[in-house]
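Chain and residue survey
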Amino acid sequence: MFKEVQCIQFRGGTSKGLFFLESDLPEDKSLWPHMLLSLMGSPDNQQVDGLGGAIATASKAAIVSKSDMDSHDVDYLFAQVSVDKPIVSFKGNCGNICSAVGPYAIESGLVKATDPLTLVRIHNVNTDKIIHAYVPTKDNKVLYEGDFEIAGVPGYSACIKMAFKNPSGSVTGRLLPTGNAVDIIDIPDYGSIEVSYVDSSNPFAFIRAADIGMRGDELPNEIDRNPKLMPLLEKIRGVAAVNLGFIADYKDSSEKSPTVPKLAMASAPKSYVTANGKKIDTESYDILCRMMSMQKAHKNYALTGAMCTASAAIIEGTIVNQLVRKSFDAEKLLIGHPGGIMPAGVEYEIGQDGNVNINWSIGYRTARMLMRGAAFYRTV
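Summary of the structure given here. (Residues numbered from 1 in each chain as written. Predicted model: local features only at pLDDT ≥ 70, side-chain atom pairs only at ≥ 80, totals over all residues. Heavy atoms only, no water.)

As for the overall build of the chain
To be explicit about the condition: Only DSSP runs of H or I reaching four residues or more are called helices, and only runs of E reaching two or more are called strands; each is numbered from the N terminus. Burial classification: accessible surface area is computed with a 1.4 Å probe over protein chains only, and a residue below 20% of its type maximum counts as buried, one above 50% as exposed, and the rest as partly exposed. We call two residues contacting when some pair of their heavy atoms lies within 4.5 Å. For the accessible areas, the method is Shrake-Rupley and the probe is 1.4 Å, while residue cover comes only from the protein chains on display.
Regarding its fold elements, the chain presents eight helices and 21 strands. Along the first, second and third principal axes, the C-alpha atoms of the chain reach 50 × 45 × 45 Å. For the chain, with 380 residues in total, the buried portion stands at 59%. Pairs at least 24 apart in sequence give 63% of the contacts found in the chain among residues at least 6 apart. Of the roughly 15,900 Å² of accessible surface on the chain, 48% is carried by carbon and sulfur atoms.

Digging into the pattern of salt bridges
One side chain can pair with another of opposite charge once the charged atoms of both are near each other. Put simply, the test is: Salt bridge criterion: a side-chain nitrogen from Lys or Arg within 4 Å of a carboxyl oxygen from Asp or Glu.
All chains considered together, the criterion is met by 13 salt bridges. A salt bridge links Asp252 to Lys256, with the shortest nitrogen-to-oxygen separation between them at 3.7 Å. On the accessibility criterion, Asp252 (25% relative accessible area) is partly exposed. When its relative accessible area of 55% is taken as the criterion, Lys256 is described as exposed.

Remarks on the environment of Pro136
Within the fold, Pro136 resides in strand β7 (residues 129-138). For Pro136, a relative accessible area of 12% corresponds to the buried category. Considering only alpha carbons, one finds Pro136 and Val83, 53 residues apart in sequence, at a separation of 33 Å.

A look at the nonpolar core
For clarity, the threshold we go by: The set of buried Ala, Val, Leu, Ile, Met, Phe, Trp, Tyr and Cys residues whose side-chain atoms join them within 4.5 Å is what this entry labels a nonpolar core.
Among the nonpolar cores identified, the biggest contains 64 residues, and Val74, Tyr76, Ile122, Met162, Phe206, Ile287 and Tyr301 are the most heavily contacted of them. When residues of this core are assigned to their parent elements, the largest contribution, eight residues, is made by helix α7 (residues 303-314). Ignoring anything within four residues of it in the chain, the contact list for Ile287 reads Ala266, Ser267, Pro269, Thr309, Val320, Leu323, Val324, Leu333, Leu334, Ile335 and Gly336. Grouped together as the second largest cluster of nonpolar side chains are 27 residues, Ile187, Tyr197, Ile212 and Met230 included.

Remarks on helix α1 (residues 32-40)
Among the nine residues that make up α1, seven are buried, leaving the element largely enclosed by the rest of the structure. Of all the positions in α1, only Trp32, Met35, Leu36, Leu37, Ser38, Leu39 and Met40 are classed as buried. Looking at the buried positions of α1, the neighbouring elements they touch are β1 (2-12), β2 (15-21), β3 (60-66), β4 (74-81), β5 (88-89) and β21 (367-378). Residue Gly41 follows α1 closely and has a positive phi angle near 85°.

A closer look at the side chain of Asn321
Rules: Here a polar contact is taken to be a pair of N or O atoms separated by no more than 3.5 Å, where protein atoms must pair a possible hydrogen donor with a possible acceptor and residues adjacent in sequence count only if both atoms sit in side chains.
Following the sequence through the fold, Asn321 ends up in helix α8 (residues 319-323). Reaching out from Asn321, the side chain makes a polar contact with the backbone nitrogen of Gly317 at a distance of 3.1 Å. If sequence neighbours within four positions are ignored, Asn321 has contacts with Ala312, Ala313, Ile314, Ile315, Glu316 and Lys326.

What to know about the side chain of Asp199
Along the polypeptide, Asp199 turns up in strand β11 (residues 191-200). A distance of 2.5 Å separates the side chain of Asp199 from the side chain of Ser170, its partner in a polar contact. Discounting chain neighbours no more than four positions away, the residues touching Asp199 are Pro167, Ser168, Gly169, Ser170, Val171, Thr172, Gly173, Arg174, Leu175, Pro177 and Cys308.

Here we look at unusual backbone geometry
Negative phi values dominate among residues other than glycine, just as trans dominates among peptide bonds. The peptide bond linking Ser42 to Pro43 adopts the cis configuration, its omega dihedral lying at 0°. The phi torsion at Asp139 lies on the positive side, around 55°, for a residue other than glycine. By the secondary structure assignment, Asp139 is in the loop between β7 and β8 (141-142). Relative accessible area serves as the criterion here: at 60%, Asp139 is assigned to the exposed category.

Structural notes on the pairing of strand β13 (residues 262-267)
Looking along a regular strand, one sees side chains alternate from face to face of the sheet. The line we're drawing: Two strands form a pair only when DSSP identifies at least two bridges running between them.
Most of β13 sits inside the fold, with six of its six residues counted as buried. With burial as the criterion, each face of β13 is covered, one bearing Lys262, Ala264 and Ala266 and the other bearing Leu263, Met265 and Ser267. Where strand β12 (residues 202-208) meets β13, five bridges bridge the pair, whose relative direction is parallel. Each residue of the ladder has a partner; that of Ile207, found in β13, is Met265. With five bridges joining them, β13 and strand β16 (residues 287-293) adopt antiparallel strand pairing. Its bridge partner being in β16, Ala266 is matched across the sheet by Cys289.

Some points on α7
Applied cut-off: The span you would expect from a helix comes to 1.5 Å times its residue count less one.
If you check α7, its first and last C-alpha atoms are 17 Å apart, about what 12 residues at 1.5 Å a residue would give, namely 16 Å. With 12 of 12 residues buried, α7 is to be regarded as a mostly interior element. Buried within α7 we find Leu303, Thr304, Gly305, Ala306, Met307, Cys308, Thr309, Ala310, Ser311, Ala312, Ala313 and Ile314.

Here we look at the packing of aromatic side chains
Threshold: Geometry of aromatic contacts follows a simple scheme: Phe, Tyr and Trp rings, the Trp one being its six-membered ring, pair when their centres are within 6.5 Å, and the pair is stacked under 30 degrees between planes, edge-to-face over 60, tilted otherwise. Each ring is checked for a lysine NZ or an arginine CZ that lies within 6 Å of its centre and within 35 degrees of its normal; such an atom marks a charge sitting over the ring.
A full pass over the atoms with the stated rule returns five aromatic pairs. Centre to centre, the rings of Phe10 and Tyr104 are 6.4 Å apart; their planes meet at 85°, and the pair counts as edge-to-face. With Phe10 in strand β1 and Tyr104 in helix α3 (residues 101-107), the pair connects residues that are 94 residues apart, well separated along the chain. Comparing Phe10 with Tyr104, the two get one shared label, buried. Judged by centre distance (5.5 Å) and plane angle (20°), the ring pair of Phe204 and Phe206 falls under stacked. By the ring-pair criterion, three or more aromatic residues cluster together here, those being Phe10, Phe19 and Tyr104. Directly above the ring of Tyr272 sits Arg290, whose terminal nitrogen or CZ lies 5.1 Å from the centroid.

This is the structure in structure tokens:
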């Protein structure tokens, strides 16, 4: 038996997802994971029987509702739907999908447009954080056309500024979850490596690419096809998940904590070639990064990842801080990733105790409405 549900498909940044009004979903929230899996066509590597795009970045969902709180306009719950496993994770946020929440809220009548720029104040339910989306509008409608380009998306669109308020401790409650800029962790059957745990917009584990034998400029397909590297990366992420208290056994990481922490491999800037064949010069960016998403190499770089990387860059002693170009601009850190260069920044201050206090983390994205209508899913 099938049921239908109203939804809009959006591209947000370099991700795609299905957007729903919470009021259109079953009242019994325990039914949501099955519904989302059916809508996406999971578990199946091709997601041929659903609307998913056969990669983690195109198998996402946003559930949005109007808020009556003074602090924000809408509540937004992010869901990561696994492609090849019957898993839906509600841990952590997705900055790319979040960048389409503002346009969705306007398109759905939850927020009234105020030309030429409409502020949509978003409460991310997953992390209990407030995000301000500045959405270009014209004639009281979302303006999608513009002259802003982001790496990983063809063409130009209107720029959406995303500002995350007090992003520290999004999941763990602390900017440095262990209190240390660097920790030494033991990886079974491998040895000890250094890691920096930073939780800003999303919790991340940063390691040096060179410490695990990577060049740092590998493209996603090269990483995914490496039969020795892939298990090692997930093992490292699993140990990190244990250290941060998300799971008890690192072997359970892909099943019990597939989305957090994120794992990023950082390197000092070097010349490299993007997935599209474009040469990126050493002097054109500040830090070279690769990251993992749902046990696959991210095709580009996550927005929350960029914001967390910018946070890590300003914290003395972290692996990112050690590798980043020393002349970088904290409000516009330039990150080299497989698709090109991504800017992100932070506004911060140093407290009397010497600790870093991040007031805002800032990123720039684009979004586009792709489809509006009814989608059909199998009932339980």
